[in-house]
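What follows is the residue order along each chain.
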Amino acid sequence: MNTLNSRSARAALVALAAGSLVLTGCSENKGGDSGKDSKEDQKEAAVQSKPVTYGDAAASTGPAEEVTGAKSGGTIQVYQEQGLTHLDPGQIYVSDAGQVANLLFRGLTNFEEDGKGNVSVVGDLATDSGKSSDGGKTWTFTLKDGVKDQNGNPITSADIRHTVERQYAKFIFDGPTYLQTWLSGADYRKALPDGGYGSKHLPASVLDTPDDKTIVFHFDTARPDLPQTLAMPGYTVVPEETDTKEKYDKAPVSTGPYKIAEYKVGKSLKLVKNENWDPKTDSVRHQYVDGYGFDFGVTESTQTKRLIADQGDSKNAIQLTGAVESTQVQDVVGDPAVNKRTIKGYQPYVMVLSFNLDRIKNKKVRDAITYAVNSKSLIAGEGGAYGGDVAPNLFAPTLPGYEADYDPYGRLKMPSGNIEKAKELLKDVPAAEKKIVHAYRNSEAGQKHKVAIEDALSKIGIEVVSKEVDAASFYEQVGKLDNPYDVYITGWGQDWPSPGTVVTPIYDGDQVADGAPNYSHVDDPKVQELINKALTQEPTEAAATWKEAHHYILEKINPSAPLWYTKQFQLYGSNIGGARYSTESSYIDVNRLFLKS
């Protein structure tokens, strides 16, 4: 999933603290809330850990099933606090851009869901979810007839090849790396230094395109998760003819139901219908509305006020990855007419205080901070029970292998922090090591985090120097290896229901690089050994290995203090139809929306 940008899980979809993709690892980019008791919520979250099924050609044939009561026409307004870090598909690994990608871009596969927690992978540009052979080492995809980009150019196997190979280019640094590393190893960029923009291409023994319609991936080991990997926004197609390299981020070419009419970075984005999108080729998306108008810079408190009031354009508005602002939760749940315009659900993100291991080398300091942090205070800023639950460990309730009672730092017993234990650990630590630099987002949520972190750590004698970072580029800034920060709150969500999509991206030593989600710079031989072992095992056998890796990472290394599990609680206008919670994205499902009148 990806990163949350406050969720952006990077949001793996990488994770920040506000938004990312559930089944697409990511960082979070600021999320939301649910509102029932945590044990009940966690039972419901287990639904999201159900294995994803792979759809055949029939399931992959469009058009998508009609949404009950759907009408055509009108423009949906979208409120969002921070701007988008990227719109180049190869750079998308954060939840907010992942939401937008569903409207703009198509890949070989995509996720489809039934609204009951069941998620499948279907062919998107491909005729099905892929055919494997050679024990799962070889995967073959065939392109559908009639798939075109916004300029009317047919999508061919050459475009798929180009999409894969451009991921090797140096300017692509913020997106997922599963496919590249599976094809060419950890040092994949060396296999194609010019990123496919020169005369050299990946050999046919790795990536073969025998004709215009066929794409064949060859791996050195079985890759049963490939259909899910290719469904990530980061692997959606970039047509070769119109690729402008670095400039593509500002004006990408659409293959989905909508295209960009106007983009003012950080301010606004206007989408209109893509006339060259053919619904007969798409089993997931719709094109009910004429377009979308995105307003960036609208704080969550303003979003919430507008949507509660439900006047004018706000009747036609949604929150993208934002959530009901914490101080207004009761105004929403206390009014039945407003409360019925909400979507709720557990997200896949675990919000943590990441330690930069290159700067905080003393584990006693990391342990002391882990004991001291106040999850209760942080969750209050997210909306209390509607915003999240205390996280005792690094695995979310949506993840297979989640252990509700695994709590090595006593977070469940003392969610407000164990100050005495923390002080004891710091007793003999030199004063120079008791000063830390904390990076926080310049957003409403980031301000609340800053106060909570400073308050908790000052109680144990740690001096905190807080540095404000632009929310839209937060993950990019803390993702730099030589960043000048000691600690920063990040979030990560599974890319699909497997611990491998959490442990590998965040704690794999091969992922210590600029732009990679290993935000703590963990590079440990034991972790590497366990990751490599688990990746060669079947899921049931691998479960024990992932568990061992999780315990070792949290207890023996402690690269990040678990803070809270995020919940989603979003509000939408009264004229919005088709709204539901998306298990896959953990936000409002943008594939079904229409205006009632």
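Residues numbered from 1 in each chain as written. Predicted model: local features only at pLDDT ≥ 70, side-chain atom pairs only at ≥ 80, totals over all residues. Heavy atoms only, no water.

### Side note on the nonpolar core
- Phe217 and Leu353 are the most contacted members of the largest nonpolar core, which totals 91 residues.
- Sort the elements by how many residues they give to this core and strand β15 (residues 342-355) lands first, with 7 residues.
- In contact with phenylalanine 217, not counting residues within four places along its chain, are Leu108, Lys137, Thr138, Trp139, Phe141, Val164, Leu179, Leu183, Val206, Leu207, Leu226 and Leu230.
- Val78, Ile92, Val100 and Leu104 belong to the second largest nonpolar core, which has 30 residues in total. (Core = buried A, V, L, I, M, F, W, Y, C linked by side-chain atoms within 4.5 Å. Buried < 20%, exposed > 50% of the residue type's maximum accessible area, 1.4 Å probe, protein only. Helix = DSSP H or I, 4+ residues; strand = E, 2+ residues; numbered from the N terminus. Contact = heavy atoms within 4.5 Å.)

### A look at the packing of helix α15 (residues 500-507) against helix α17 (residues 539-557)
- Contact geometry of α15 with α17 gives a least axis separation of 10 Å together with a crossing angle of 40 degrees. Between α15 and α17, the crossing angle belongs to the class labelled oblique. Here α15 runs over α17; the crossing is left-handed. Of the residues in α17, those in contact with Gly500, Val503, Thr504 and Tyr507 of α15 are Trp546, Ala549 and Ile553. (Axes fitted to C-alpha atoms, helices over the stretch in contact; angles between N-to-C directions. Parallel < 35°, antiparallel > 145°, perpendicular 65-115°, else oblique. Left-handed = near helix turned anticlockwise from the far one by under 90°.)

### Digging into the pattern of salt bridges
- Tallying each qualifying case throughout the model produces 22 salt bridges.
- When the shortest N-O distance is used, the salt bridge between aspartate 282 and arginine 285 registers 2.8 Å. The same class applies to aspartate 282 as to arginine 285, namely buried.
- With a shortest N-O distance of 3.5 Å, lysine 459 and aspartate 455 are connected by a salt bridge.
- Through salt bridges with shared partners, a single network forms among Arg106, Asp124, Asp282 and Arg285. (Salt bridge = Lys/Arg side-chain N within 4 Å of Asp/Glu carboxyl O.)

### Some details on the sheet that holds strand β3 (residues 53-54)
- Strand order in the open sheet formed by 3 strands is β3-β6-β5, with mixed pairing between adjacent strands. At either margin of the open sheet sits one strand with a lone partner, and together these are β3 and β5 (109-113). (Pairing = 2+ DSSP bridges.)

### Structural notes on the side chain of histidine 86
- Positionally, histidine 86 belongs in the loop between β4 (75-80) and α2 (95-104).
- Here the side chain of histidine 86 touches aspartate 174 through a polar contact of 2.9 Å, side chain to side chain.
- Separated by 2.7 Å, the side chains of histidine 86 and aspartate 249 make a polar contact. (Polar contact = N/O pair within 3.5 Å; in protein donor to acceptor, adjacent residues only side chain to side chain.)

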